[in-house]
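Structural overview
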Amino acid sequence: MEFNYSSLFPLREGKIKFKKISDTFYEIKRFQNKNILVLHPEAFKLISEKAFFDVSHFYRSSHLKQLKKILEDSEASNNDKFVALSMLKNANISSDGILPMCQDTGTAIVNGYKGQNVYTGFDEGMYISEGIYQSYKNNNLRFSQLAPISMFEEKNTGSNLPAEINLYATEGNEYKFLFVQKGGGSANKSFLYQQTPAILNHEKLKKFLYDIIISLGTAACPPYHLAIVIGGTSAELNLKTVKLASTHYLDELPNKGNEKTGHAFRDIEWENIVLEMTREMGIGAQFGGKYYCHDVRVIRLPRHGASLPIGIGVSCSADRQIIGKINSHGIHIEKLEKNPAKFLPEIKNEDLDEKVIEINLDKSMDEILKQLNGCAIKTRVNLSGSLIVARDIAHAKILDYLNKNGELPHYFKQYPIYYAGPAKTPEGLPSGSFGPTTAGRMDSYVPIFQKNGGSMVMLAKGNRSKTVVNSCKKYGGFYLGSIGGVAAKVALESIKKVEVIEFAELGMEAIWKINVENFPAFVVIDNKGNDFYDIKKTN
């Protein structure tokens with residue numbers, strides 16, 4: 001037996017392009033014949049503030065190229081192309097730096113890797129947090145963090161803090177960072193499965209992965225960057241690796257393992273197998289087609305002989321991560337694409353239309369339902385008129401109202417219900433970024449609300465449970481799917497007026513009334529028991 005050692009994640013040097021944002025807030029000092037990089041608190045505030053501004057508004061060029069590829073693919077469905085074109089237009093709007101690309105500006109996550117020749121002498125986490133605070137305060141970003149007051153009482157912190165900050169010691173002469181803005185929809189699609197070695201053969205593993213991948217659904221706004229991690233010395237390491245892989249942080253791992261050191265590696269063969277499998281599922285970029293995933297990362301880790309954790313997670317269409325570093329040459333962050341318009345092709349919406357139904361939301365609910373009754377699932381519709389916006393806490397309060405008064409508020413029966421929560425409204429615009437939230441969290445409310453004449457037409461993103469399908473069939477309701485991941489485009493082009501109806505103190509969780517024009521959606525569940533996503537699973 002001989003001693004062998006390797007870092008668990010032996011990453012090669014990547015080809016990231018950086019931009020310098022400052023050459024101040026640090027100095028070089030000598031200690032024991034070595035150069036020591038001494039950092040000031042302002043360096044951490046600056047790099048965090050700038051990173052979260054950029055990652056809220058700009059994409060990596062590689063992600064935009066993948067969207068353009070969909071438009072150039074003759075095998076892509078019209079729905080795939082419509083979603084991809086909408087996302088590119090959304091990227092072009094958010095690149096102005098006013099409307100963030102997604103209304104859910106997420107949890108701020110920071111991984112810091114401090115080289116042994118870097119000195120601070122203070123709590124870096126505090127100043128990283130202050131930079132995040134300034135970024136969310138000074139821009140049109142949403143506050144989504146809830147502080148627990150007691151077991152059942154929570155309140156919004158009003159700053160999007162606390163952030164998740166993980167700081168590590170490593171080799172070298174610089175401080176490296178990974179900044180991630182993680183929305184709730186994609187975070188909720190991270191799963192751990194404790195399996196046994198019996199699954200480690202081609203057919204069983206492929207079937208297992210097929211089942212868990214298709215079960216993800218579309219609530220996290222595909223096309224996805226899908227990450228799968230097999231193995232791990234603990235469940236915690238497995239899921240941490242899932243998160244890193246979904247950001248492409250582990251792309252430079254070796255492509256094969258080592259029996260003496262057991263380091264992690266990327267399995268390129270299985271990445272291709274899984275990617276092809278996702279293209280055969282038929283789910284596509286939310287409403288049918290080939291592009292359920294942009295790409296796949298499969299990471300293999302060492303494991304205890306009695307354990308086989310398998311983790312899965314995604315980075316959604318709001319693909320938001322950015323690398324940073326501070327060294328003797330200055331403060332740098334990854335250079336994201338500020339001109340996404342160059343990826344827009346010469347293509348018009350009408351080139352992608354098969355049949356689009358115009359629906360006037362200001363007609364009576366009976367008239368709206370009658371019109372939708374003539375629409376097959378997957379039919380594309382354009383919505384114009386009034387919507388009521390209500391999400392998690394608002395639904396709970398409406399249920400309380402129903403239980404106390406024996407009926408629903410009039411507006412909840414008169415108008416369709418949009419599950420969403422806006423970001424801050426920029427000066428001079430009617431609305432901040434205002435995309436849909438995940439529909440499934442409201443499933444339990446649907447039967448009782450529809451029984452009492454409410455939620456007859458619902459608008460959100462993602463697949464829903466049988467509870468909703470059965471309720472719509474019983475009471476004559478419909479669920480329409482909105483495109484996830486185009487919140488800036490929706491705010492700029494479709495939303496004309498926003499007003500609070502009730503519970504203003506809840507902030508983004510308040511009940512709103514909005515007026516929309518040409519708001520795109522698809523029929524997902526109809527009043528006959530048909531469910532687009534269930535049909536795709538069956539196929």
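This text goes with the structure placed above it.
**Side note on helix 8 (residues 268-279)**
Between its terminal C-alpha atoms helix 8 stretches 17 Å, which fits the 16 Å expected from twelve residues at 1.5 Å a residue. Buried residues belonging to helix 8 abut helix 2 (61-72), helix 6 (202-214), strand 11 (224-232), strand 12 (265-266) and strand 13 (293-303). Near the N-terminus of helix 8, the side chain that reaches the backbone nitrogen of Glu 269, with its oxygen 3.3 Å away, is that of Asp 267.

**Here we look at the sheet that holds strand 3 (residues 34-39)**
Within the open sheet, the three strands sit side by side as 2-3-5. Their pairing is mixed. A single partner strand is all that each edge strand has here, and the edge strands are strand 2 (26-31) and strand 5 (118-119). In terms of strand pairing, strand 2 meets strand 3 through six bridges, oriented antiparallel. Within the sheet, the bridge partner assigned to Glu 27 lies in strand 3 and is Val 38.

**Re the side chain of Ser 433**
Relative to the helices and strands, Ser 433 is located in the loop between strand 19 (417-418) and helix 13 (446-451). For Ser 433, a relative accessible area of 0% translates into the label buried. In this structure Ser 433 touches Leu 99, Pro 100, Cys 102, Gln 103, Pro 422, Ala 423, Ala 487, Ala 488 and Ala 491, once residues within four positions along its chain are discounted.

**Comments concerning the pairing of strand 18 (residues 380-389)**
Burial within strand 18 is extensive, with nine of its ten residues counted as buried. Here strand 17 (residues 356-360) runs beside strand 18; their pairing, made up of five bridges, is parallel. For Asn 360, the partnering residue across the bridge sits in strand 18 and is Ser 384. Handedness of the crossover is the feature at issue here: the chain leaves strand 17, passes through helix 10 (residues 365-373), returns alongside strand 18, and the resulting connection is right-handed. The sheet contact formed by strand 18 and strand 23 (residues 511-525) spans nine bridges and is antiparallel. When the sheet's bridge partners are listed, Val 389 is paired in strand 23 with Trp 512. As paired elements, strand 18 and strand 19 share two bridges and run parallel to each other. Bridging across to strand 19, Val 389 finds its partner in Tyr 418.

**Side note on the packing of helix 2 against helix 3 (residues 78-94)**
Their axes nearest at 8 Å, the elements helix 2 and helix 3 cross at an angle of 145°. Once helix 2 is placed against helix 3, the crossing between them reads as left-handed. Touching Leu 64, Leu 67, Lys 68, Ile 70 and Leu 71 of helix 2 are Asp 80, Lys 81, Ala 84, Leu 85, Met 87, Leu 88 and Ala 91, all from helix 3. Its residues assigned to classes, the contact of helix 2 with helix 3 comprises nine nonpolar, no polar and three charged.

**Examining helix 11 (residues 392-405)**
What sets the pattern is the α-helix's 3.6 residues per turn: residues three or four places apart point alike. Look at helix 11: 20 Å from first C-alpha to last across 14 residues, which is about the 20 Å you get at 1.5 Å a residue. Of the residues making up helix 11, those classed as buried are Asp 392, Ala 394, His 395, Ile 398 and Leu 402. Buried residues of helix 11 fall within an arc of 160° about the axis and therefore sit on the same side. The outward face of helix 11, more than 90 degrees from its buried face, is lined by the exposed residues Asn 403 and Lys 404.

**A look at the pattern of salt bridges**
Enumeration over the complete set of coordinates arrives at 21 salt bridges. The salt bridge involving Glu 271 is made with Arg 266; its shortest N-O contact spans 2.6 Å. Of the residues examined, Arg 266 reaches a relative accessible area of 10% and is grouped as buried. For the salt bridge of Arg 441 with Asp 392, the shortest nitrogen-to-oxygen distance reads 2.6 Å. Placement of Arg 441 in the loop between strand 19 and helix 13 and of Asp 392 in helix 11 is noted, with a sequence separation of 49 residues between them. Members of the salt-bridge network, linked through shared partners, are Arg 391, Asp 392, Arg 441 and Glu 509.

So, how was this worked out
- Residues numbered from 1 in each chain as written.
- Predicted model: local features only at pLDDT ≥ 70, side-chain atom pairs only at ≥ 80, totals over all residues.
- Heavy atoms only, no water.
- Helix = DSSP H or I, 4+ residues; strand = E, 2+ residues; numbered from the N terminus.
- Expected span 1.5 Å × (residues − 1).
- Contact = heavy atoms within 4.5 Å.
- Polar contact = N/O pair within 3.5 Å; in protein donor to acceptor, adjacent residues only side chain to side chain.
- Pairing = 2+ DSSP bridges.
- Buried < 20%, exposed > 50% of the residue type's maximum accessible area, 1.4 Å probe, protein only.
- Right-handed = clockwise from strand over helix to strand, strands pointing away.
- Axes fitted to C-alpha atoms, helices over the stretch in contact; angles between N-to-C directions.
- Left-handed = near helix turned anticlockwise from the far one by under 90°.
- Nonpolar A, V, L, I, M, F, W, Y, C, P; charged D, E, K, R; others polar.
- Arc of directions from axis to C-beta.
- Salt bridge = Lys/Arg side-chain N within 4 Å of Asp/Glu carboxyl O.

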